[in-house]
Amino acid sequence: MEDTATLRIGSQNYNFPVFMGTEQEIAVDLRHLREVTGVITLDEGYANTGSCLSEITFIDGEAGVLRHRGYPIEDLAAQSHFLETAHLIMYGQLPAKAVLDRFTSRVNRSALLNEGMQPLFAGFPSQAHPMGMLAALVQALGAYSPELATNDRKLDLARFDEAAILLMGTIRTLAALVSRRRRGLPMVYPNPELGYAENFLHMLFSLPNDPYEPHPEVAKALDLIFLLHADHEQNCSTSTVRMVASGGANPFACVSAGISALWGPLHGGANMAVIQMLQEIHDSGDNGHLFIDAVKAGSGRLMGFGHRVYKNYDPRATIMKATCERVLRLLGHSDPLLNIASRLEEEALRDEYFVSRKLYPNVDFYSGIILRAIGIPLDLFTVIFAIGRTPGWLANWREVAMSSKGRIYRPRQIYIGPVQREYMPLGDKSRA
Ligand code: ACO
């Protein structure tokens, strides 16, 4: 294959290098395009833009492949657990036992919240959305650890391990307390003897004289949900993290920005939107058929379907569906929403509208049903996604911070507004 690509603009030919990744993905390297030709690329939504070089995650959307640091998601889901996968994603290697034990113990010990932060929870109105509160509280966590959030790149990088452990350990506590605040429940202290997911469930559900002891399979399913969300290449929230990091901001500010970006229903908010959609279908007495017709007629979307990158299947959705069926069987739950979801999936996979647009269930189509079965409140679903995605955001922050050639992210635009106009004084009749 040629190692240059030729671009013809007007009567002039320009050659640009062709870059190939380790998985044979090919890109035309246009980093010097404007400098050389005076023109820019236009790629709204960035669907054709490689915004960075990264060693963290590889996705082949056509083949349904997802690998973290080279390890297939199917192997990690079957043999690893969330903290081990988090370590792998952040540092690039599967940790040796002693390293993993130390990492796990440090994360578990950092679940306890700085006492100074406790009054902050009472400051939010009880109906505030958990994602808004979480984004604010992660910024506050940085404010209460100023030595880890200096915006001095060298210092923040040197203290990355500590910041990452604090964020991973505390985000669960913040999430549980945010939910308790909304439910009017007093706080519960973390128990460092418990596993990562178990401790979260304890902080979320235990009552003063009634400790919550989850079924081991339930804790395992939640751990798997965290693992399946741990990183996903240059999605909306991760790109946001990299964008903010490129300006030199500290990890707490960047993770908080990632949480805000994740909130929307087209991204992390989809897991909540799926359940709301399934509930509406159920309440209306429809078996899903009328809803599919309405989507095809242009009124709304089938939430939990479609993906910018996966155009065949989302490997996380396959794992999630199998786990969903196992957990429901184990808990003896028969959720009517699961039946509606299965019918919607079956119908959509046969329907020309969805097939021609390559729309398949994504990871969030089934995760909400598991979370419902575990008893997680609906308004906390996207927060669960945020807990899972934290190592991915941190790994991307670290990659940006470590890059010696890194430049501030600053895309250009093509302006299509009015051309230069003359200022009209206040009172001028031609003002709108
Ligand atoms: N239901 C119905 N039609 C859809 C859906 C859907 N879920 N998703 C895309 N389409 C249609 C669009 O209407 C469009 O049709 P058209 O060509 O006739 O105009 C076509 O498919 C392409 O859609 P785009 O919006 O251009 O696709 P894009 O790659 O930009 O969007 C996205 C991807 C946001 C995930 C989209 O599929 C969607 O809105 N899905 C539902 C929300 C969701 O589940 N989000 C979670 C994503 S995964 C994650 O963040 C964890």
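Here the structure is a predicted model, which means the values were calculated and not measured.

*Asks:* Before we go on, may I ask you to explain the overall build of the chain in this structure?
*Replies:* Scanning the chain from terminus to terminus reveals 19 helices and 6 strands. For 432 residues, the compact-globule estimate of 2.2 N^0.38 gives 22 Å, and the C-alpha radius of gyration of the chain, at 24 Å, lies within 12% of that figure. Its C-alpha atoms give the chain principal-axis dimensions of about 80 × 65 × 55 Å. A total of 432 residues make up the chain; the buried ones form 47% of that total. Here the contacts in the chain between residues at least 6 apart in sequence split such that 72% fall between residues at least 24 apart. As presented, the chain carries roughly 21,900 Å² of accessible surface, and 53% of it is formed by carbon and sulfur atoms. Measuring between centres, the 41 positive side-chain charges of the chain sit 5 Å from its 46 negative side-chain charges.

*Asks:* Even after reading the chapter, I still don't get the side chain of Asp231, so can you show me in this structure?
*Replies:* Among the secondary structure elements, Asp231 is positioned in the loop between helix 10 (216-228) and helix 11 (236-246). Of the buried charged residues, Asp231 lacks a salt bridge, with Arg389 as the closest side chain of opposite charge at 5.0 Å. Polar side-chain contacts of Asp231 include one of 2.6 Å to the side chain of Thr57. In terms of polar contacts, Asp231 uses its side chain to reach the side chain of Asn396, at 3.5 Å. Once residues lying within four places of it in the same chain are set aside, the contact partners of Asp231 are Ile56, Thr57, His68, Ile89, Thr238, Arg389, Gly392 and Asn396.

*Asks:* Can you walk me through the packing of helix 6 (residues 130-143) against helix 19 (residues 381-402) in this structure?
*Replies:* Each packed pair of helices is defined by two parameters, the angle between the axes and the distance between the axes. Where helix 6 meets helix 19, the axes come as close as 9 Å, and the angle between the chain directions of the two elements is 35 degrees. In contact with Pro130, Met131 and Leu134 of helix 6, helix 19 contributes Thr382, Val383 and Ala386. Partitioning the contact of helix 6 with helix 19 into residue classes produces 5 nonpolar, 1 polar and no charged.

*Asks:* What is the right way to look at the packing of aromatic side chains in this model?
*Replies:* The relative placement of two aromatic rings is captured by the distance of their centres and the angle of their planes. Under the definition given, this model contains 11 aromatic pairs. In this structure, Arg172 is placed above the aromatic ring of Tyr196, and the distance from its NZ or CZ to the ring centre is 4.2 Å. Residue placement shows Arg357 over the ring face of Tyr353; its charged tip is 3.8 Å from the ring centre.

*Asks:* What am I meant to see in the packing of helix 15 (residues 315-331) against helix 18 (residues 364-374) here?
*Replies:* The contact between helix 15 and helix 18 brings their axes to 9 Å, and the two run at 20 degrees. Between helix 15 and helix 18, the crossing angle belongs to the class labelled roughly parallel. Taken as a pair, helix 15 and helix 18 cross one another with a handedness that is left-handed. Across the interface between the two elements, Met320, Lys321, Thr323, Cys324, Val327, Leu328 and Leu331 of helix 15 pack against Tyr366, Ser367, Ile369, Ile370 and Ala373 of helix 18.

*Asks:* How do you make sense of the pattern of salt bridges when you look at a structure like this?
*Replies:* Side-chain pairs of opposite charge can arise whenever the charged atoms involved come near each other. Taken as a whole and assessed by the stated rule, the structure comprises 10 salt bridges. With a shortest N-O distance of 2.4 Å, Arg67 and Glu23 are connected by a salt bridge. Of this pair, Arg67 sits in strand 5 (residues 65-68) while Glu23 sits in the loop between strand 2 (12-20) and strand 3 (26-28), placing them 44 residues apart in sequence. Exposure remark for Arg67: the relative accessible area of 22% places this residue in the partly exposed category. Arg326 is paired through a salt bridge with Glu217; the nearest N and O atoms lie 3.7 Å apart. Of this pair, Arg326 sits in helix 15 while Glu217 sits in helix 10, placing them 109 residues apart in sequence. Accessibility expressed as a relative area gives 34% for Arg326, which makes it partly exposed.

*Asks:* Would you mind going over the sheet that holds strand 3 with me for this structure?
*Replies:* Here we have 3 strands laid out as an open sheet, ordered 1-2-3, and antiparallel in their pairing. Whereas interior strands pair on both sides, the edge strands pair on one side only; in this sheet they are strand 1 (4-9) and strand 3. Strand-to-strand, the axes of this sheet are offset by a mean angle of 30 degrees, without reference to chain direction. In this structure, strand 1 lies alongside strand 2, joined through 6 bridges in antiparallel fashion. Of the residues in strand 2, the one forming a bridge with Leu7 is Tyr14.

*Asks:* In this structure, what is going on with the domain arrangement of the chain? I would like to understand it.
*Replies:* A common way to express how large an interface is: the accessible area buried when the components associate. Parsing the chain into structural domains produces domain 1 (4-50), domain 2 (71-264 + 378-402) and domain 3 (270-373). Taking only C-alpha atoms into account, the centre of domain 1 sits 38 Å from that of domain 3.

*Asks:* Hey, could you run me through the side chain of Asp29 in this one?
*Replies:* Along the polypeptide, Asp29 turns up in the loop between strand 3 and helix 1 (33-37). Among the polar contacts listed, one links the side chain of Asp29 to the side chain of Arg31, at a separation of 2.9 Å. Not counting residues within four places of it along the chain, the set of residues in contact with Asp29 comprises Phe16 and Pro17.

*Asks:* Sorry, what's going on with helix 14 (residues 289-296) here?
*Replies:* Since the α-helix advances by 3.6 residues per turn, residues separated by three or four positions end up pointing in the same direction. Looking at helix 14, one finds that the buried residues are Phe291, Ile292 and Val295. Each buried residue of helix 14 lies within a common arc of 100 degrees when the element is viewed along its axis, so the set occupies one face. In this structure, the buried side of helix 14 is in contact with helix 13 (270-283), helix 16 (336-350) and helix 17 (352-356). Gly298, located one to two residues past helix 14, shows a positive phi value of around 100 degrees.

*Asks:* Looking at this structure, I do not really get the site of the ligand. What am I missing?
*Replies:* By nearness alone, 20 residues border the ligand, and Arg301, Leu302, Gly304, Phe305 and Arg308 come closest of all. Interatomic distance of 2.8 Å between a backbone N/O atom of Gly304 and an oxygen atom of the ligand. Summarising the interface, the protein chains cover 72% of the accessible area of the ligand, which totals 920 Å² for the free molecule. Split by residue class, the shell around the ligand holds 11 nonpolar, 5 polar and 4 charged.

*Asks:* Whenever I open this one, the sheet that holds strand 4 (residues 57-60) confuses me. Can you help?
*Replies:* Strand-to-strand pairing in sheets goes through backbone hydrogen bonds, with the strands running parallel or antiparallel. Judged by pairing direction, the sheet is antiparallel, and its 3 strands sit side by side in the order 4-5-6 without closing on themselves. Since the sheet does not close on itself, it has two edges, and those belong to strand 4 and strand 6 (71-72), each with one partner. The pairing of strand 4 with strand 5 spans 4 bridges and is antiparallel. Among the inter-strand pairings, Asp60 is bridged to a residue of strand 5, identified as Val65.

Definitions and limits used
- Within any chain, residue numbers begin from 1 and follow the written order of that chain's sequence.
- Reporting of local features is limited, given that this is a predicted model, to residues whose pLDDT is at least 70; pairs of side-chain atoms are given and counted only at 80 or more, and all residues count toward the totals for whole chains, interfaces and linings.
- Heavy atoms from the whole structure form the basis of all side-chain values; hydrogens and water molecules are not counted.
- Under the DSSP-based scheme used, a helix requires at least four consecutive residues in state H or I and a strand at least two consecutive residues in state E, with every element numbered from the N terminus.
- Atoms counted for the radius of gyration: C-alpha only. Globule rule: 2.2 Å times residue count to the power 0.38.
- When accessible area is computed with a 1.4 Å probe and restricted to protein chains, residues below 20% of their type maximum are described as buried, those above 50% as exposed, and intermediate ones as partly exposed.
- Contacts are residue-level and defined by heavy atoms, with any inter-residue pair within 4.5 Å sufficient.
- Shrake-Rupley sampling with a 1.4 Å probe provides the accessible areas, and residues are treated as covered by the protein chains on show and by no other component.
- Positive charges are assigned to Lys and Arg, negative charges to Asp and Glu, while His and the chain termini are left out of the count.
- The atom standing in for a charge is NZ when the residue is Lys, CZ when it is Arg, CG when it is Asp and CD when it is Glu.
- For this document, the term salt bridge refers to a Lys or Arg side-chain nitrogen within 4 Å of an Asp or Glu carboxyl oxygen.
- Definition of a polar contact: a pair of N or O atoms within 3.5 Å, with one able to donate and the other able to accept a hydrogen when the atoms are protein atoms, and with sequence-neighbouring residues admitted only if both atoms are side-chain atoms.
- Fitted lines through C-alpha atoms give the axes, limited to the stretch in contact for helices. The angle between two N-to-C directions lies from 0 to 180 degrees.
- Polar here means any residue outside two lists: the nonpolar Ala, Val, Leu, Ile, Met, Phe, Trp, Tyr, Cys and Pro, and the charged Asp, Glu, Lys and Arg; Gly therefore counts as polar.
- Pairing of aromatic side chains here covers Phe, Tyr and the six-membered ring of Trp, requires ring centres within 6.5 Å, and sorts the geometry by plane angle: under 30 degrees stacked, over 60 edge-to-face, intermediate tilted.
- Whether a charge lies above a ring is judged from NZ of Lys or CZ of Arg, which has to be within 6 Å of the ring centre and within 35 degrees of the ring normal.
- Orientation labels follow simple angle bins: below 35 degrees gives roughly parallel, above 145 gives roughly antiparallel, 65 to 115 gives roughly perpendicular, and whatever is left gives oblique.
- Here is the rule for handedness: rotate from the far helix to the near one, and if that takes an anticlockwise turn smaller than a right angle the crossing is left-handed, while a clockwise turn gives right-handed.
- A strand pair is defined by DSSP finding two or more bridges across the two strands.
- Throughout, the edges of the domains are those of an automatic or database domain assignment.
- Note that the arc is computed from the directions linking the helix axis to the C-beta atoms.
- What makes a residue near a molecule or strand is one non-hydrogen atom of that residue sitting within 4 Å of it.

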